[in-house]
Amino acid sequence: MTHKSRYLPAPAVVTALAALTACTDRPPATAPGRPESAASPPAAELQAQSEALAQHLARALAHPGFAASLKAQLDASPFREHKLHFQRFLTAAGGRARDEVAQHAGVAAAELDREAQAAIPLEIYLPVPGHRSAWRGDANVLVATALRDHDVPVAFDPAGHRILLDPDQPPATPVIALVPVETDFTPPPSMLTCLEECGGGGGGGVPPPTPPPPASGLYMTQAHFVDDFEGWLKGAPEFEVHMLGQKGQTDSLTDYQCAGERQSTPYQNVLDWSGSVMLFSNTQIDAYKAAHPGQNTRVYVVEDDDTACQIKTSSDAWKKALDAVDAANQARTAGKDTTSSTGQKLWKFAQAFQKLLSALGSLINTNDELVGDAVQDSVVGEYHPGFNWIIKGENNVTNGWVLLEMK
């Protein structure tokens, strides 16, 4: 896996972006400067399915009533970045949206239903904040899709024309993304729950119970990342912090805990964050030490592209990234709880042993960005005021810094 690269758009692509007229329905072409995709046939099929659905949706947006309805539903979405689950959007209210899209796109509703169900779970939203505020629910919009982050987005205008977009810079025209789901749509959003349980302005309600005191353990209280590691079509970043430790008595690592979008105090959508998120409780730390004497845990940061709290990368990319960090820092790239001479509990550097990661997620959708392994600043010899651990990524490059504290 490579760090986010910058490629200059080809002149033909620039022209298409400016005029939105030099476009055809010919098969996809690889943008100049980009390597040919090594997608397997299943991945290529999934991309084709997403493109077909994007074209249907774009054609439906030529009709003012449907475009206004979609904008209203996007605006009302309580999920992050006002996202909607695409398949659920189509089938809601007895399939009203499905029937409208099918009618306007000139396909049978049953065929559209089959196409949507055959595709991977998809979400729709406007990933660029400026586009969200600029789009008026009219035909001045594109619908774009890409299976993997940093792929060349394939877009369709309301006439159904196919356009290749610059993967590194969004166009001036607002873009609705139709991309693999990376949002947890399962639980009801807390804001909806609060409307029912928090009083909502009505008098005489029972006050909510006092929350229990936070558990003691390892916490992250500040974070800074040098990049969002996310292509513009994928919207805001989803940073996750994983606690990795020995799997059984093997030489492999496994994921013991993940702090990410499902955490009650999320932090993952900004480059600079402060708060308090627990990474590993004292109970978990003690249980780990009892089961794995002499072994230590790694704090590892990932920018997640989909499937929350599941690391998706190749074994080669994982090992290459970890080997470089370990070699540069004498393998003092793990951590353990310790007590200082003054009785203060600390999270301090420790020797890392395992380097392989078991149960890596499927790569059929996309690869997660391996932001890096947390290494104590005294080991790295790099210091940032208010922080104490440095995030080291591929080629031992510094990708951020965090404050880890025992509480």
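This text goes with the structure placed above it.
Just so you know, these numbers come straight off a predicted model, no measurement behind them. (Residues numbered from 1 in each chain as written. Predicted model: local features only at pLDDT ≥ 70, side-chain atom pairs only at ≥ 80, totals over all residues. Heavy atoms only, no water.)

(A) View of the side chain of R162. Mapped onto the fold, R162 is located in strand β5 (residues 162-164). Separated by 3.2 Å, the side chains of R162 and E51 make a polar contact. (Helix = DSSP H or I, 4+ residues; strand = E, 2+ residues; numbered from the N terminus. Polar contact = N/O pair within 3.5 Å; in protein donor to acceptor, adjacent residues only side chain to side chain.)

(B) View of the sheet that holds strand β3 (residues 142-145). Overall, mixed pairing links the six strands, which are arranged β1-β2-β6-β3-β4-β5 in an open sheet. Only two strands of the sheet have a single neighbouring strand rather than two, namely β1 (84-85) and β5. (Pairing = 2+ DSSP bridges.)

(C) Up close: unusual backbone geometry. Non-glycine residue A331 carries a positive phi angle of around 60°. The topology assignment puts A331 in the loop between α9 (315-328) and β12 (334-339). A positive phi angle, near 60°, is found at N396, a position not held by glycine. With respect to the secondary-structure elements, N396 resides in the loop between β16 (389-392) and β17 (398-406).

(D) Focus on the pattern of salt bridges. Under the counting rule described, the total for this entry stands at 19 salt bridges. D75 is the partner of K71 in a salt bridge, and the nearest nitrogen-oxygen pair spans 3.1 Å. Placement of the pair is K71 and D75 together in helix α3 (residues 64-76), with a separation of four residues, close to one helical turn. On the basis of relative accessible area, D75 is assigned to the partly exposed category, the value being 43%. Residues E182 and K234 are paired through a salt bridge, measuring 3.6 Å at the closest nitrogen-oxygen approach. Of the two residues, E182 sits in the loop between β6 (175-180) and α7 (190-197) while K234 sits in the loop between β7 (217-225) and β8 (239-246), which places them 52 residues apart along the sequence. We note that E182, like K234, is buried. (Salt bridge = Lys/Arg side-chain N within 4 Å of Asp/Glu carboxyl O. Buried < 20%, exposed > 50% of the residue type's maximum accessible area, 1.4 Å probe, protein only.)

(E) Quick look at the pairing of β7. Extensive coverage of β7 is indicated by the burial of eight of its nine residues. Pairing geometry for β7 and strand β10 (residues 272-281), over seven bridges, is antiparallel. Bridging across to β10, H224 finds its partner in D272. Alignment of β7 against β17, held across seven bridges, turns out to be antiparallel. From the neighbouring strand, F225 faces β17, where its bridge partner is G400.

(F) Focus on the sheet that holds β8. Strand order in the open sheet formed by nine strands is β10-β7-β17-β16-β15-β11-β8-β9-β14, with mixed pairing between adjacent strands. Sheet topology places β10 and β14 (356-357) at the edges, where each strand pairs with a single neighbour. When strand β15 (residues 369-376) meets β16, the two strands line up antiparallel, connected through four bridges. When the bridges of β16 are listed, A374 appears paired with I391.

Read these as spatial facts, not as claims about activity.
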